[in-house]
Structures are given as structure tokens and as C-alpha cells.
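Coordinates in review
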Amino acid sequence: MFNIPNVQDVVRGWLNNMNAERITTTIVNGDAEEVATPVKFKGMIQVQSPYQLSLHQEGERSWNWVDVYCDYANFELDDVLKYKNSRYRIMKKENWEEFGYGYYKYECVRDYNE
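The structure displayed is predicted, hence computed values, not measured ones.

Moving on, we come to the pattern of salt bridges. If you walk through the whole model with that rule in mind, you get 8 salt bridges. Note that Asp-67 is salt-bridged to Lys-105, the shortest N-O span being 3.9 Å. One end of the pair, Asp-67, is in strand β3 (residues 65–70); the other, Lys-105, is in strand β6 (residues 104–110), with 38 residues separating them in the sequence. We note that Asp-67, like Lys-105, is buried. Each of the salt bridges in this network shares a partner with another, and the network as a whole consists of Glu-34, Asp-78, Arg-87, Arg-89 and Asp-111.

Here it is as C-alpha cells:
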């Protein structure tokens, strides 16, 4: 049996200070309302590799997919992360913090409902 190395220090070295908005949508009296909350966290955005894109359904492969690695835990599925005037919808959340790695990974798609 072997031990998997703890990459927490390495990942934290890659993360930069980020200012963004967490946009949540709620239904009020039958209308969808968006609420933007400013968030500050350490993170990085990485474009998905061709292999990762091949795992998506055929019609979704041409979409603009990115992975967001960060220390911020409060994004939920279908939230929108607005960063540098671009909106990214959270499609998948992976909690690597629970394994002691010190970060979360969000799989996001560019949201063009701007």
C-alpha cells in the first residue's frame, strides 16, 4: 500500500487572490431574480483539456468549459461565478478539502445569458 502525497501546499502556491461575484437565482412571485454577492477567495481558472472535453456529451463538447480550483466552499450547483466580466455556471462541485488537499474543484461552463 502506498500513500498519496498531500498536495495542499503546492496547490495553494498556484492560487491567486480573486474577486468575483456569486450569482444565485431564486423564484419570487413566479419571476426569476438574480442576487449577486461579492466573494474574495484564492483560486485559479484552467481551460479543460481535450480529453476532459471528450467526456462531455457530444452536443456540449464545443462549449467553453473551465475548471476552477479554489479555497472557497460556498458555490453550489447552478450558481454563476462572474469573474472579469465573464459568467461561468457551476455544473459540478468536487470537495477535495474533505481528503485534506485544501481546495475545491468546480467544473464550469461559460454562461452566455449576460
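After that view of the structure, there is still more to cover.
Strand order in this closed barrel of 6 strands is β1-β2-β3-β6-β5-β4, and the pairing throughout is antiparallel. On average, each strand axis in the sheet is inclined to that of its neighbour by 45°, with strand direction left out of account. Of the pairings in the sheet, the one linking strand β1 (residues 16–28) to strand β4 (residues 80–83) comprises 3 bridges and is antiparallel in character. Along β4, the bridge assignment pairs Ile-23 with Val-80.

Below, the discussion takes up unusual backbone geometry. One non-glycine residue, Asp-78, lies in positive phi territory at about 75°. Inspection of the secondary structure assignment puts Asp-78 in the loop between β3 and β4. Overall, Asp-78 belongs to the partly exposed group, its relative accessible area being 49%. A positive phi angle is found at Asn-85, which is not glycine, with a value near 65°. For Asn-85, the position within the fold is in the loop between β4 and β5 (86–95).

Looking now at the packing of aromatic side chains. Throughout the structure, instances matching the rule amount to 7 aromatic pairs. An angle of 65° between the planes, with centres 4.7 Å apart, marks the rings of Tyr-72 and Phe-75 as edge-to-face. Residue Phe-75 is classed as buried on the basis of its relative accessible area of 0%. Linked through ring pairs, Phe-41, Tyr-72, Phe-75 and Tyr-106 together constitute an aromatic cluster.

This brings us to the pairing of strand β2 (residues 31–47). Pairing of β1 with β2, which is carried by 13 bridges, proceeds in the antiparallel orientation. Paired with Ile-27 across the strands is Ala-32, a residue of β2. Taking the residues that link successive antiparallel strands as the turn, the β1-β2 hairpin has 2 residues, and the phi of Asn-29 there is positive, at about 55°. Pairing of β2 with β3, which is carried by 5 bridges, proceeds in the antiparallel orientation. Bridge pairing in β3 links Met-44 to Tyr-69.

Rules and cut-offs
- Residues numbered from 1 in each chain as written.
- Predicted model: local features only at pLDDT ≥ 70, side-chain atom pairs only at ≥ 80, totals over all residues.
- Heavy atoms only, no water.
- Salt bridge = Lys/Arg side-chain N within 4 Å of Asp/Glu carboxyl O.
- Helix = DSSP H or I, 4+ residues; strand = E, 2+ residues; numbered from the N terminus.
- Buried < 20%, exposed > 50% of the residue type's maximum accessible area, 1.4 Å probe, protein only.
- Pairing = 2+ DSSP bridges.
- Axes fitted to C-alpha atoms, helices over the stretch in contact; angles between N-to-C directions.
- Phe/Tyr/Trp six-rings, centres within 6.5 Å; stacked < 30°, edge-to-face > 60°.

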